[in-house]
Amino acid sequence: MNTVNTINELREQVRAWKAEGLTIGLCPTMGYLHEGHASLMDASVKSCDRTVASVFVNPIQFGPNEDLATYPRDFESDCKLLEAHGVDLVFHPEPAEMYADDFCTFVDIDVLSKTLCGKTRPIHFRGVCTVITKLLNTVTPDKIFFGQKDAQQLAIIRRMVRDLNFNVEVIGCPIVREADGLAKSSRNTYLNPDERRAARILSRAVRLGQSIADEGERSSETLLAAMREKLASEPMADVEYVEVVNGENMQPVDTFREGDLVAMAVRIGGTRLIDNFTVGQPPIEFQEGQSNAD
Ligand code: AMP
């Protein structure tokens, strides 16, 4: 596995592969990798001749009061994981390589970025769309891989690719969870043991929501009331939002149907966690644990 730090080196490698007629998969990440990220690598390695992973904590997608400075980083351990999963090339640039001092061009997406996480993170998706555009322009991959864990991000990238005619197939990969149901996330490392236990409430709420939807309920209000009650049963949970939105345009729906998205953001202690399910997906499975959240 090779590591490169500059756009030019990345382009050079891509050019050589393309000259050989090889297909390329791209998996963008911010590092501190876990099995959720690895599932993207596995999907890419399986369906593309070469896989590029980027490890870059993208400063422009963090708001002023967010965790850019403290975001966990461990590049050495990331490389071990990437190598073990068959990644061919890691792109690990410094911020200055991506953003010149006078950088002032952004890709902004309307409508889809205004709901859910966009309400409290107003510049987040602009930062994501801009960095993904830069990566797409450099790597020109056949496929790009994203996790369903960040469902709004996935929907936004799909729309950006369609709207701006990027010649790439967007692949969404299922959420990978811990044994007790918590969606794997680099930010889980912020949780102390009590918070970690309390964090189970998100997946419990997902499972409850799924069972209610599977029983045939179609009113968002009814579904959300039950999920909110579940979340409220955990004293450490501070709910930012739980919403039902159309799976493509991310706009709230009163009556939901298959393909719609039920998404939440919940703070546990100081840590903001997200989880979601798509209506009609098979129920999530996890082991029961001993906690108030069950
Ligand atoms: P991040 O490093 O948090 O920006 O995530 C990089 C990519 O990995 C994104 O497409 C995420 O949606 C995906 N990802 C992160 N956690 C998980 C997970 N638990 N399951 C599936 N995909 C994930």
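Since this is a predicted model, take the numbers as computed values, not measurements.

Asker: Please set out the nonpolar core residue by residue, giving values where relevant.
Answerer: Counting 47 residues, the largest nonpolar core has Val52, Met98, Ile132, Leu136, Ile144, Ile157 and Met160 as its most contacted members. For this core, the secondary structure elements donating two or more residues are helix H1 (7–19), strand E2 (24–29), strand E4 (89–91), helix H6 (124–139), strand E5 (143–147), helix H7 (151–163), strand E7 (237–245) and strand E8 (261–268). Summarising the domain contributions, this core has at least three residues from each of domain 1 (2–173) and domain 2 (186–278). Not counting the four nearest positions on each side in its chain, isoleucine 157 is found in contact with Val128, Ile132, Phe146 and Val170.

Asker: Could you give an account of the sheet that holds E4, with specific residues and numbers?
Answerer: Read from one edge of the open sheet, 6 strands run E1-E4-E3-E2-E5-E6, paired in parallel fashion. Every other strand in the sheet has two partners, leaving strand E1 (2–4) and strand E6 (169–173) as the edge strands with one partner each. Adjacent strand axes in the sheet meet at a mean angle of 25°, parallel and antiparallel pairs treated alike. As defined by bridge partners, E2 adjoins E5 across 2 bridges and the pair is classed as parallel. Paired with leucine 26 across the strands is isoleucine 144, a residue of E5. Relative to strand E3 (residues 50–55), helix H3 (residues 75–84) is tilted by about 165°, and along the sheet it contacts E1, E3 and E4. Sitting on the sheet, H7 is in contact with E5 and E6, with an inclination near 170° to E6.

Asker: Please give an account of the domain arrangement of the protein chain that cites residues and values.
Answerer: Often the size quoted for an interface is simply the accessible area lost on bringing the parts together. Looking at the protein chain, the domain boundaries give domain 1 (2–173) and domain 2 (186–278). Each side of the interface is counted separately: domain 1 has 24 residues, and domain 2 has 20 residues. Around 1,800 Å² of area is buried between domain 1 and domain 2 when both sides are counted, 53% of it from carbon and sulfur atoms. Linking domain 1 with domain 2 are 2 salt bridges, by the criterion used here. In this structure, glutamate 243 engages lysine 119 in a salt bridge whose closest nitrogen and oxygen atoms are separated by 3.2 Å. At the junction of domain 1 with domain 2, the criterion picks out 12 residue pairs in polar contact (both at pLDDT 80 or more). Secondary-structure elements contributing two or more residues to the side of domain 1 that touches domain 2 are helix H5 (117–120) and H7. Top element by residues in the side of domain 1 that touches domain 2 is H7. It accounts for 4 residues. Of the residues that constitute the side of domain 1 that touches domain 2, the class distribution is 10 nonpolar, 8 polar and 6 charged.

Conventions and cut-offs
Residues numbered from 1 in each chain as written. Predicted model: local features only at pLDDT ≥ 70, side-chain atom pairs only at ≥ 80, totals over all residues. Heavy atoms only, no water. Core = buried A, V, L, I, M, F, W, Y, C linked by side-chain atoms within 4.5 Å. Buried < 20%, exposed > 50% of the residue type's maximum accessible area, 1.4 Å probe, protein only. Helix = DSSP H or I, 4+ residues; strand = E, 2+ residues; numbered from the N terminus. Domains from an automatic or database assignment. Contact = heavy atoms within 4.5 Å. Pairing = 2+ DSSP bridges. Axes fitted to C-alpha atoms, helices over the stretch in contact; angles between N-to-C directions. Buried area = accessible area lost by both parts, 1.4 Å probe. Salt bridge = Lys/Arg side-chain N within 4 Å of Asp/Glu carboxyl O. Polar contact = N/O pair within 3.5 Å; in protein donor to acceptor, adjacent residues only side chain to side chain. Nonpolar A, V, L, I, M, F, W, Y, C, P; charged D, E, K, R; others polar.

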